[in-house]
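Overview (structure and organization)
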Amino acid sequence: MRLLRTIQLDQSDKVVFAQAAEPGEWAVPGTFVFAGRPPESLGRKEQIAFRSGFLGVTSFGWSTLAVVTETRGDDHDQAVTALAHQLVQQLGAPDLGAALPAAQEEIALAADLCRGHDEGTLIALHRRIDETGALREQFRSLKPREETAFSAGYLQGHDKAFHFVETEDDQEDEPGMQIDLTAFGHREGEP
(Lines give C-alpha, C1' and ligand atoms only; values in the text may rest on other atoms or scores of the structure.)
Protein backbone atom coordinates (compact mmCIF):
# COMPACT_ATOMS: atom_id res chain seq x y z
CA MET A 1 0.00 0.00 0.00
CA ARG A 2 1.12 3.55 -0.67
CA LEU A 3 0.32 6.64 1.34
CA LEU A 4 1.24 10.31 1.21
CA ARG A 5 4.08 11.82 3.23
CA THR A 6 4.77 15.51 3.66
CA ILE A 7 7.87 16.84 1.93
CA GLN A 8 9.67 20.18 1.99
CA LEU A 9 11.82 21.05 -0.98
CA ASP A 10 12.60 24.43 0.59
CA GLN A 11 11.64 26.48 3.66
CA SER A 12 8.57 28.18 2.13
CA ASP A 13 6.01 26.08 4.04
CA LYS A 14 7.37 27.50 7.31
CA VAL A 15 6.63 30.99 6.00
CA VAL A 16 3.29 30.60 4.24
CA PHE A 17 1.44 28.39 6.75
CA ALA A 18 0.58 29.23 10.35
CA GLN A 19 1.94 25.79 11.20
CA ALA A 20 4.02 23.82 8.73
CA ALA A 21 3.98 20.02 8.79
CA GLU A 22 7.18 18.24 9.69
CA PRO A 23 8.88 16.70 6.65
CA GLY A 24 8.18 12.98 6.34
CA GLU A 25 4.98 12.65 8.35
CA TRP A 26 1.95 10.88 6.91
CA ALA A 27 -0.44 13.24 5.16
CA VAL A 28 -4.07 13.51 4.08
CA PRO A 29 -5.77 16.19 1.98
CA GLY A 30 -7.32 17.61 5.18
CA THR A 31 -10.25 19.33 3.54
CA PHE A 32 -12.42 18.39 6.53
CA VAL A 33 -10.61 21.10 8.54
CA PHE A 34 -12.39 23.71 6.43
CA ALA A 35 -15.87 22.12 6.45
CA GLY A 36 -18.55 24.70 7.16
CA ARG A 37 -16.07 27.59 7.16
CA PRO A 38 -16.52 30.18 4.40
CA PRO A 39 -13.15 30.99 2.80
CA GLU A 40 -13.63 34.71 3.44
CA SER A 41 -13.71 33.99 7.19
CA LEU A 42 -10.22 32.48 7.08
CA GLY A 43 -7.06 34.41 7.91
CA ARG A 44 -4.41 34.89 5.22
CA LYS A 45 -2.33 31.84 6.18
CA GLU A 46 -5.48 29.72 6.62
CA GLN A 47 -6.55 30.73 3.10
CA ILE A 48 -3.22 29.49 1.75
CA ALA A 49 -3.70 26.18 3.58
CA PHE A 50 -7.25 26.02 2.19
CA ARG A 51 -6.04 26.57 -1.39
CA SER A 52 -3.04 24.27 -1.44
CA GLY A 53 -2.27 22.44 1.80
CA PHE A 54 -1.95 18.77 2.70
CA LEU A 55 -2.46 18.07 6.40
CA GLY A 56 0.27 16.26 8.35
CA VAL A 57 -1.42 13.74 10.65
CA THR A 58 1.14 14.02 13.48
CA SER A 59 1.69 17.78 13.70
CA PHE A 60 -1.65 18.88 12.23
CA GLY A 61 0.47 21.29 10.19
CA TRP A 62 0.36 21.94 6.45
CA SER A 63 2.56 20.99 3.52
CA THR A 64 2.38 22.32 -0.04
CA LEU A 65 3.44 18.98 -1.50
CA ALA A 66 3.12 15.33 -0.58
CA VAL A 67 5.13 12.43 -1.91
CA VAL A 68 3.83 8.94 -2.70
CA THR A 69 5.54 6.51 -0.32
CA GLU A 70 5.36 2.74 0.10
CA THR A 71 4.14 1.75 3.57
CA ARG A 72 5.87 -0.86 5.69
CA GLY A 73 4.65 -2.88 8.64
CA ASP A 74 2.04 -1.05 10.65
CA ASP A 75 2.53 2.39 9.01
CA HIS A 76 -1.12 2.46 7.91
CA ASP A 77 -2.45 1.77 11.41
CA GLN A 78 -0.07 4.31 12.94
CA ALA A 79 -1.26 6.97 10.49
CA VAL A 80 -4.91 6.24 11.31
CA THR A 81 -4.25 6.36 15.06
CA ALA A 82 -2.23 9.60 14.84
CA LEU A 83 -4.99 11.29 12.85
CA ALA A 84 -7.70 10.02 15.21
CA HIS A 85 -5.81 11.51 18.18
CA GLN A 86 -5.60 14.84 16.37
CA LEU A 87 -9.33 14.78 15.61
CA VAL A 88 -9.97 14.48 19.35
CA GLN A 89 -7.35 17.06 20.42
CA GLN A 90 -7.73 19.64 17.65
CA LEU A 91 -11.31 19.35 16.43
CA GLY A 92 -13.18 18.16 19.51
CA ALA A 93 -14.18 14.62 18.53
CA PRO A 94 -15.79 13.11 21.67
CA ASP A 95 -13.32 10.21 21.96
CA LEU A 96 -10.91 8.01 20.04
CA GLY A 97 -13.66 5.49 19.19
CA ALA A 98 -15.70 8.18 17.48
CA ALA A 99 -12.65 9.61 15.68
CA LEU A 100 -11.26 6.33 14.30
CA PRO A 101 -13.82 5.82 11.48
CA ALA A 102 -13.27 9.38 10.23
CA ALA A 103 -9.49 8.93 10.40
CA GLN A 104 -9.73 5.62 8.53
CA GLU A 105 -11.78 7.30 5.81
CA GLU A 106 -9.22 10.10 5.39
CA ILE A 107 -6.28 7.69 5.26
CA ALA A 108 -8.19 5.58 2.71
CA LEU A 109 -8.66 8.73 0.59
CA ALA A 110 -4.91 9.40 0.75
CA ALA A 111 -4.21 5.79 -0.28
CA ASP A 112 -6.64 6.16 -3.19
CA LEU A 113 -4.81 9.30 -4.37
CA CYS A 114 -1.59 7.25 -4.50
CA ARG A 115 -3.12 4.51 -6.62
CA GLY A 116 -1.49 4.36 -10.03
CA HIS A 117 1.44 6.60 -9.04
CA ASP A 118 5.00 5.42 -8.64
CA GLU A 119 6.77 5.80 -5.33
CA GLY A 120 8.45 9.22 -5.22
CA THR A 121 5.77 10.99 -7.27
CA LEU A 122 4.96 14.42 -5.86
CA ILE A 123 1.30 15.35 -5.49
CA ALA A 124 0.02 18.94 -5.38
CA LEU A 125 -3.51 20.02 -4.62
CA HIS A 126 -5.73 22.99 -5.36
CA ARG A 127 -9.00 23.65 -3.48
CA ARG A 128 -11.61 26.18 -4.39
CA ILE A 129 -15.25 27.00 -3.94
CA ASP A 130 -17.03 26.81 -7.29
CA GLU A 131 -19.82 29.09 -8.54
CA THR A 132 -22.48 26.85 -6.90
CA GLY A 133 -20.75 27.08 -3.52
CA ALA A 134 -19.44 23.50 -3.64
CA LEU A 135 -15.91 22.76 -2.51
CA ARG A 136 -13.75 21.36 -5.31
CA GLU A 137 -10.34 19.68 -5.13
CA GLN A 138 -7.92 19.11 -7.99
CA PHE A 139 -4.79 16.99 -7.65
CA ARG A 140 -1.72 17.10 -9.90
CA SER A 141 1.11 14.64 -10.02
CA LEU A 142 4.67 15.84 -10.55
CA LYS A 143 6.99 13.10 -11.66
CA PRO A 144 10.75 13.38 -11.00
CA ARG A 145 13.09 13.85 -13.92
CA GLU A 146 15.41 11.02 -14.82
CA GLU A 147 18.56 10.95 -12.69
CA THR A 148 21.56 12.51 -14.41
CA ALA A 149 25.18 12.98 -13.48
CA PHE A 150 24.28 16.49 -12.26
CA SER A 151 21.16 15.49 -10.35
CA ALA A 152 21.09 15.99 -6.58
CA GLY A 153 20.23 12.62 -5.07
CA TYR A 154 18.72 14.09 -1.91
CA LEU A 155 16.01 15.75 -3.99
CA GLN A 156 15.42 12.48 -5.83
CA GLY A 157 15.14 14.12 -9.24
CA HIS A 158 13.26 17.27 -8.16
CA ASP A 159 16.30 19.47 -8.71
CA LYS A 160 16.87 23.16 -8.44
CA ALA A 161 18.39 25.14 -11.29
CA PHE A 162 21.84 25.10 -9.66
CA HIS A 163 23.51 22.63 -7.36
CA PHE A 164 26.48 23.88 -5.32
CA VAL A 165 29.01 21.55 -3.79
CA GLU A 166 31.49 22.64 -1.12
CA THR A 167 35.00 21.31 -1.48
CA GLU A 168 38.06 21.41 0.69
CA ASP A 169 40.51 22.42 -2.02
CA ASP A 170 43.55 24.36 -0.80
CA GLN A 171 45.18 24.55 -4.21
CA GLU A 172 45.25 28.31 -4.79
CA ASP A 173 47.68 27.98 -7.69
CA GLU A 174 44.99 26.55 -9.98
CA PRO A 175 42.40 29.16 -10.93
CA GLY A 176 38.76 28.13 -10.75
CA MET A 177 36.38 28.51 -13.64
CA GLN A 178 34.32 31.68 -13.50
CA ILE A 179 31.13 32.14 -15.47
CA ASP A 180 29.22 35.39 -15.91
CA LEU A 181 25.64 34.20 -15.33
CA THR A 182 24.17 37.56 -16.29
CA ALA A 183 25.11 36.86 -19.90
CA PHE A 184 22.69 33.94 -20.01
CA GLY A 185 19.66 36.19 -19.47
CA HIS A 186 20.37 38.64 -22.29
CA ARG A 187 20.03 38.39 -26.03
CA GLU A 188 22.64 39.79 -28.34
CA GLY A 189 22.31 43.56 -28.66
CA GLU A 190 20.35 43.94 -25.37
CA PRO A 191 21.92 45.54 -22.26
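Because the structure is a prediction, the values reported are computed rather than measured. (Residues numbered from 1 in each chain as written. Predicted model: local features only at pLDDT ≥ 70, side-chain atom pairs only at ≥ 80, totals over all residues. Heavy atoms only, no water.)

**Thoughts on the sheet that holds strand β5 (residues 65-70)**
Stated precisely, the cut-off is as follows: Between any two strands, pairing holds if DSSP finds at least two bridges. Strands are runs of DSSP state E lasting at least two residues, helices are runs of H or I lasting at least four, and both sets are numbered from the N terminus onward. We call two residues in contact whenever any of their non-hydrogen atoms come within 4.5 Å of each other. What counts as an axis is a line fitted to C-alpha atoms, over the stretch in contact for a helix, and the angles between N-to-C directions run from 0 to 180 degrees.
Taken in spatial order, the seven strands line up as β4-β3-β2-β1-β5-β6-β7 in an open sheet, and their pairing is antiparallel. Edge positions in the open sheet fall to β4 (62-63) and β7 (135-142), since each of these has one partner strand only. As judged from the eight bridges shared by strand β6 (residues 122-129) and β7, these two strands associate in the antiparallel manner. Within β7, the position partnered with L122 by the bridge is L142. Sitting on the sheet, helix α2 (residues 44-52) is in contact with β3 (54-56), β4, β6 and β7, with an inclination near 115° to β6. The strands touched by helix α4 (residues 96-114) within the sheet are β1 (2-7), β2 (26-28), β5 and β7, with β1 carrying the most contacts at an inclination of about 95°.

**Side note on the environment of R127**
Quick note on the threshold: Three exposure classes are used, based on accessible area relative to the maximum for each residue type with a 1.4 Å probe and protein chains only: buried under 20%, partly exposed in between, and exposed over 50%. Each polar contact in these results corresponds to two N or O atoms within 3.5 Å; when the atoms are within protein, one needs to be able to donate a hydrogen and the other to accept it, and residues that are neighboring in sequence are counted only if both atoms are side-chain atoms.
With respect to the helices and strands, R127 occurs in strand β6. A residue is classified by how much of its surface remains accessible, and R127, at 1% relative accessible area, is buried. Residues R127 and T31, 96 residues apart in the sequence, show an inter-C-alpha distance of 8.3 Å. Contact partners of R127, with chain neighbours within four places excluded, come to P29, G30, T31, F34, A49, F50, R51, S52, G53, W62, R136 and E137. At 3.0 Å, the side chain of R127 forms a polar contact with the backbone oxygen of A49.

**Points about the side chain of T69**
Inspection of the secondary structure puts T69 in strand β5. Here the side chain of T69 touches V67 through a polar contact of 3.2 Å, landing on its backbone oxygen. Discounting residues that sit within four places of it in the chain, T69 has contacts with M1, R2, L3, R5, W26 and E119.

**Topic: the environment of D10**
Its place among the elements puts D10 in the loop between β1 and α1 (12-16). Residue D10 is classed as partly exposed on the basis of its relative accessible area, which comes to 41%. A polar atom in the side chain of D10 sits 2.7 Å from the side chain of S12.

**As for the nonpolar core**
The criterion, for reference: For our purposes a nonpolar core is just a set of buried Ala, Val, Leu, Ile, Met, Phe, Trp, Tyr and Cys residues, chained together by side-chain atoms within 4.5 Å.
Of all hydrophobic cores here, the largest spans 34 residues; its most connected members are L4, V28, F34, F54, W62, L83 and I107. Where this core is concerned, the elements lending two or more residues are β1, β2, α2, β3, β5, α3 (75-91), α4 and β6. If one sorts the elements of this core by residue count, α4 sits on top with seven residues. For I107, the contacting residues outside a window of four places in its chain are L3, V28, V57, H76, A79, V80 and L83.

**Quick notes on the environment of A102**
The topology assignment puts A102 in helix α4. Accessibility expressed as a relative area gives 38% for A102, which makes it partly exposed. For the pair A102 and F32, spaced 70 residues apart in sequence, the C-alpha separation works out to 9.8 Å.

**Focus: the pairing of β1**
Here six bridges tie β1 to β5, and the two strands are oriented antiparallel to one another. Residue pairing for β5: T6 is matched across the bridge by A66. With two bridges connecting them, β1 and β2 associate as antiparallel partners. Paired with L4 across the two strands is A27, which belongs to β2.

**Regarding the pattern of salt bridges**
Put simply, the test is: The working definition used for a salt bridge is a side-chain nitrogen of Lys or Arg within 4 Å of a carboxyl oxygen of Asp or Glu.
A full pass over the atoms with the stated rule returns five salt bridges. Its salt-bridge partner being R2, residue E70 comes within 2.8 Å of it at the nearest N-O pair. Here E70, found in strand β5, pairs with R2, found in strand β1; they are 68 residues apart in sequence, far enough to count as distant. E70 gets classed as partly exposed once you look at its relative accessible area, which sits at 24%. Here D130 ties to R136 by a salt bridge, and the two come within 2.9 Å at their closest N and O atoms. Relative accessible area serves as the criterion here: at 41%, R136 is assigned to the partly exposed category.

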